[in-house]
Amino acid sequence: MSYDVVIIGAGMSGLAAGIRLAYYEKKVCILENHSRPGGLNSFYNLQGRQFDVGLHAITNYVKKGTKNKPLPKLFKQLKLKHEDFALREQKSSEISFPDMSLFFTNDFKIFEQEILDKFPSQKDNFSNLCKEISRCDELNLNSTPVSAREVVSSFITDPLLVEMLFCPLSYYGSAKEDDMDFDQFVIMFKSIFMEGFSRPETGVRQIINVLLKKYKACGGELRLKSGVKQINSHNGKVKSITLENGNVLETKKILSSAGYVETMRLTGEKIQPENGRIGKLSFVETIYVLDREPSELGMDKSIIFYNDSKKFLYRKPEDMVDLSSGVICCPNNFFFDNNPSEGMIRTTHIANFDLWDNPSSNDYRAKKILWQKKSLEKICTITPDFTSSIVFTDMFTPKTIKRFTGHLNGAVYGSPLKIKNGITPVENLFICGTDQGFMGIIGAMLSGISMANLHAMN
């Protein structure tokens, strides 16, 4: 078989790129290693229940009719309607530090007022930071990386406010330990604070199903359970792909959402850890199904980003899990039209891939039980104690993440060094998705679209 473009990975980025190319009559095939599309943001069934993987909330929410924002740009590029994703806004969220909390909704003025009330000395400083954020061309594919902490600290003089701003933005999109590029900071600041959170009425499967239907309607081909064994090139130019089953697909161009390091290894290039491209940051996530809504227990926030000291540490922990900070999400605390049948709480913490990857099968199960217990104890010091309401629990670890995404070290956000123009050393092999640099579900789709438009339309 021969294609104009082969896309590696049927995650959000790969599906969006596929739709864009197929719409313009490119012969395109998406290869997915697993039996279900979605990648890092998929879903699974367990004991009669359906669970989202990864998705707490979708960023970049704006109301129908809003123009010149990422979400409407996405719908325009994919020929979709606002209602196709059935997004429902968050109720409210919180950044919780010792003796200080900041509340925010999808109305940025509320967040601005919170900072004015809690950090009155930073009024002008925060205003100036917001002006700098508005001036920044965060989508410039040729920009030079600059430390976000250096830039933000040049405006905000209260260290606590700096840490509070970085906590949610890091958890939702940083591949760098204790920092991020300022472009990434701007992307996340706009998408979380200036635009906002939402969730699809029926979870991430709503979005996946819409994308699949659109892709197939445009004539695109999807091959599930089709892992890539090797990318073949001749004289430095892409020629074909060898699948794990031995089949060979000829192609003019490849878009890979597998990650830069992972993609280059498929070409035969071995990238060593010391070059800084291999990500270190992974997470554990626990899902608690409850016999009642969290709101009935006094938990009315959509998402809580907590940190138990004035300094926020965002780095690979020495222990299996770092409980000093985390994310607590109540997926039902959005403005849904229909009330879900069961209550749910999802918690996320930074974790050490190496320690999770090593235990034997029996020890691995025991460690999951241990850290579920420790996490629950910690979370219940921040929220009302919901232990007696738990009817079902599941947990995934860095080992799970590597298994289902292929990311080395289970690094959710991939490499700390992003390739914004998507170009690799192999001619006609391009990167989209996490390692290209647009973060979040909307960002991932825009990454696929941008790289398809830039590199694969001709």
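Worth saying up front: this structure is predicted, and the values here are computed from it rather than measured. (Residues numbered from 1 in each chain as written. Predicted model: local features only at pLDDT ≥ 70, side-chain atom pairs only at ≥ 80, totals over all residues. Heavy atoms only, no water.)

Glancing now at the overall build of the protein chain. Of regular secondary structure, the protein chain possesses 13 helices and 18 strands. Here the C-alpha radius of gyration of the protein chain, 21 Å, is about what a compact globule of 458 residues would show, namely 23 Å. Its C-alpha atoms give the protein chain principal-axis dimensions of roughly 60 × 50 × 45 Å. Taken over 458 residues, the protein chain has a buried fraction of 60%. For the protein chain, the exposed area adds up to about 19000 Å²; of that, 47% sits on carbon and sulfur atoms. Taking the 57 positively charged and 52 negatively charged side chains of the protein chain as two groups, their mean positions are separated by 6 Å. (Helix = DSSP H or I, 4+ residues; strand = E, 2+ residues; numbered from the N terminus. Rg over C-alpha atoms; globule rule 2.2 N^0.38 Å. Buried < 20%, exposed > 50% of the residue type's maximum accessible area, 1.4 Å probe, protein only. Areas by Shrake-Rupley, 256 points an atom, 1.4 Å probe, with all protein chains shown as cover. Lys, Arg positive; Asp, Glu negative; His and termini not counted. Charge placed at Lys NZ, Arg CZ, Asp CG, Glu CD.)

What follows deals with the packing of aromatic side chains. Per the counting criterion, the structure on display carries 26 aromatic pairs. Seen from their ring centres, F75 and F85 are 5.1 Å apart, and the 70° between their planes marks the pair as edge-to-face. Here F85 lies in the loop between α2 (70–78) and β5 (87–89) and F75 lies in helix α2, a separation of ten residues in the sequence. For the pair shown, F75 and F85 are each scored as buried. Judged by centre distance (5.1 Å) and plane angle (75°), the ring pair of F189 and F193 falls under edge-to-face. In this pair, F189 and F193 both sit in helix α7 (residues 182–195), four residues apart, roughly one turn of the helix. F193 carries the same exposure label as F189, and that label is buried. Through successive ring pairs, a cluster of aromatic residues spans F104, F108, F111, F126, F166, Y172, F182, F185, F189, F193, F197 and F305. When the ring centre of Y260 is taken as reference, the NZ or CZ atom of R277 above it lies at 4.8 Å. Against the face of W371 rests K374, its NZ or CZ located 4.3 Å from the ring centre. (Phe/Tyr/Trp six-rings, centres within 6.5 Å; stacked < 30°, edge-to-face > 60°. Lys NZ or Arg CZ within 6 Å of the ring centre and 35° of its normal.)

When the domains of the protein chain are assigned, the result is domain 1 (2–86 + 203–277 + 417–456), domain 2 (91–195) and domain 3 (280–405). Each of domain 2 and domain 3 has a C-alpha centre, and these two points are 24 Å apart. Of the residues lining the interface, 24 residues belong to domain 2; the matching set on domain 3 comes to 29 residues. Taken over both partners, the interface formed by domain 2 and domain 3 buries close to 2300 Å², and the fraction arising from carbon and sulfur atoms is 58%. By the criterion of area lost to domain 3, the three top residues of domain 2 are K91, Y171 and E177, representing 33% of everything that side buries. Inspection of the domain 2/domain 3 interface yields two salt bridges. (Domains from an automatic or database assignment. Contact = heavy atoms within 4.5 Å. Buried area = accessible area lost by both parts, 1.4 Å probe. Salt bridge = Lys/Arg side-chain N within 4 Å of Asp/Glu carboxyl O.)

The backbone of N60 sits at a positive phi, close to 70°, despite the residue not being glycine. Here N60 lies in the loop between β4 (49–52) and α2. By relative accessible area, N60 is classed as buried at 7%. Even without being a glycine, D99 presents a positive backbone phi close to 65°.

The subject of this paragraph is the pairing of strand β11 (residues 237–243). Counting buried residues along β11, five of its seven residues qualify, which places the element largely inside the surrounding structure. One ladder, built from six bridges, connects strand β10 (residues 228–234) with β11; its direction is antiparallel. Looking at the pairing, N232 lines up with S240 of β11. Counted between consecutive antiparallel strands, the loop separating β10 from β11 contains two residues, among which N235 sits at a positive phi close to 55°. Note: β11 against strand β12 (residues 248–256), three bridges, orientation antiparallel. The partner of I241 across the bridge, within β12, is L249. The hairpin formed by β11 and β12 contains four residues between the paired strands, and G246 there has a positive phi angle of roughly 95°. (Pairing = 2+ DSSP bridges.)

Quick look at the side chain of S240 now. Here S240 shows up in strand β11. Look past the residues within four positions of S240 in its chain and what remains in contact with it is Q230, I231, N232, V248, L249, E250 and T251.

Another point: the pattern of salt bridges. Per the stated rule, a full pass over the model turns up 21 salt bridges. Here R346 ties to E285 by a salt bridge, and the two come within 2.4 Å at their closest N and O atoms. Of this pair, R346 sits in strand β16 (residues 343–351) while E285 sits in strand β13 (residues 282–290), and the two are 61 residues apart along the sequence. E285 matches R346 in its accessibility class, with the two residues each being buried. With a shortest N-O distance of 3.0 Å, R292 and D291 are connected by a salt bridge. A relative accessible area of 35% places R292 in the partly exposed class.

So, on to helix α5 (residues 148–155). If you check which residues of α5 are buried, you get A148, R149, V151, V152 and F155. Burial along α5 is one-sided: seen end-on, the buried residues are contained in an arc of 165°. Every exposed residue of α5 that faces more than 90 degrees away from the buried side is listed here: E150 and S154. For α5, the secondary structure elements touched by its buried residues are α4 (123–135), α6 (159–171) and α7. (Arc of directions from axis to C-beta.)

Moving on, we get to the pairing of strand β1 (residues 2–8). Buried residues dominate β1, accounting for six of its seven residues. Of the pairings in the sheet, the one linking β1 to strand β2 (residues 28–31) comprises four bridges and is parallel in character. Residue pairing in the sheet places I7 in a bridge with I30 of β2. Following the chain from β1 across helix α1 (residues 12–23) to the adjacent parallel β2, one finds a crossover that is right-handed. (Right-handed = clockwise from strand over helix to strand, strands pointing away.)

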